[in-house]
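So the chains spell out like this:
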Amino acid sequence: GSASKDTEWSTNKVLIVHEATENAEATSDAIAKATYLIPLIEQWISLASDQTTYDNIDVVAGTRRRSGEPGLKVNASALIRKVRQELGPMPDPKFPISFAMWGAALINPLPALGVATEIRGAVLEAEGAERKLAVLGRGLVKSINNLDGTRPLNM
């Protein structure tokens, strides 16, 4: 029999990004944008990995033990470490599409930490390296603002 519609995940076409495509997208502007995002990624990792971040009850985290109370159901540091191990090292900015995909997977890990808006689909759908990096940049800034308590997410 054929697969039923309720088990179908997506009907979108998938474009395989070959190395030649990645190299063509590696404009000096795209490389500069990716390079600019490195300190934001490092800041995000630092904040998201620090259990004391979640002592601030204004920080929105989908993995809180109880809404409005400090603490998480998960060890954030262990989760981020595991995700980074699974993703491998951060791609070099001279590969901006890989860099954008890696960053999106980092801030939206599985299992979810729940501290960033979901950007993986938007990064996948964005056309070109610079648009993918722009989506990642916005996601990083929103999540950092959530994690440092300056602007909690509206989830």
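Okay, so let's go over this structure.

Cut-offs used in this document
Residues numbered from 1 in each chain as written. Predicted model: local features only at pLDDT ≥ 70, side-chain atom pairs only at ≥ 80, totals over all residues. Heavy atoms only, no water. Salt bridge = Lys/Arg side-chain N within 4 Å of Asp/Glu carboxyl O. Buried < 20%, exposed > 50% of the residue type's maximum accessible area, 1.4 Å probe, protein only. Helix = DSSP H or I, 4+ residues; strand = E, 2+ residues; numbered from the N terminus. Contact = heavy atoms within 4.5 Å. Core = buried A, V, L, I, M, F, W, Y, C linked by side-chain atoms within 4.5 Å. Axes fitted to C-alpha atoms, helices over the stretch in contact; angles between N-to-C directions. Parallel < 35°, antiparallel > 145°, perpendicular 65-115°, else oblique. Left-handed = near helix turned anticlockwise from the far one by under 90°. Nonpolar A, V, L, I, M, F, W, Y, C, P; charged D, E, K, R; others polar. Expected span 1.5 Å × (residues − 1).

Details of the pattern of salt bridges
A full pass over the atoms with the stated rule returns four salt bridges. Note that Glu 69 and Arg 66 form a salt bridge whose closest N and O atoms lie 3.8 Å from each other. Residue Arg 66 is classed as exposed on the basis of its relative accessible area of 55%. The partner of Glu 86 in a salt bridge is Lys 82, and the shortest N-O contact between them spans 2.8 Å. Here the residue Glu 86 and the residue Lys 82 both occupy positions in helix 3 (residues 76–87), the gap between them amounting to four residues, near one helical turn. A residue is classified by how much of its surface remains accessible, and Glu 86, at 54% relative accessible area, is exposed. Residue classification places Lys 82 among the partly exposed residues on the basis of a relative accessible area of 42%.

Topic: the side chain of Thr 63
Secondary-structure assignment places Thr 63 in the loop between helix 2 (28–49) and helix 3. Setting aside chain neighbours within four positions, we find Thr 63 in contact with Leu 72, Lys 73, Val 74, Ala 112 and Leu 113.

Considering the environment of Val 123
Inspection of the secondary structure assignment puts Val 123 in helix 5 (residues 120–125). Taking relative accessible area as the criterion, Val 123 reaches 0% and is therefore assigned buried. Sequence spacing of Val 123 and Ile 97 is 26 residues, and the spatial spacing of their C-alpha atoms is 9.2 Å. Sequence-distant contacts of Val 123, defined by excluding residues within four places in its chain, comprise Ala 100, Met 101, Ala 104, Lys 132, Val 135 and Leu 136.

A closer look at unusual backbone geometry
Of note, the bond from Leu 110 into Pro 111 is cis; its omega dihedral lies within 30 degrees of zero at 0°. Among the secondary structure elements, Pro 111 is positioned in the loop between helix 4 (96–107) and helix 5.

A short note on the nonpolar core
In this structure, Trp 44, Tyr 54, Phe 99, Leu 113, Leu 140 and Leu 147 are the most contacted members of the largest nonpolar core, which totals 38 residues. Looking at which element gives the most residues to this core, the answer is helix 2, with ten residues.

Observations concerning the packing of helix 3 against helix 4
At a closest axis distance of 10 Å, the pairing of helix 3 and helix 4 adopts a crossing angle of 155°. In terms of axis orientation, helix 3 runs roughly antiparallel to helix 4. The crossing of helix 3 and helix 4 is right-handed. In contact with Val 83, Arg 84 and Leu 87 of helix 3, helix 4 contributes Trp 102, Ala 105 and Leu 106. In terms of residue class, the contact of helix 3 with helix 4 is built from five nonpolar, no polar and one charged.

What about helix 4?
Note on helix geometry: an α-helix contains 3.6 residues per turn, so any two residues three or four positions apart are oriented the same way. For helix 4, with twelve residues, the first-to-last C-alpha span of 17 Å sits near the 16 Å given by 1.5 Å per residue. In terms of burial, helix 4 is largely enclosed, as nine of its twelve residues are buried.

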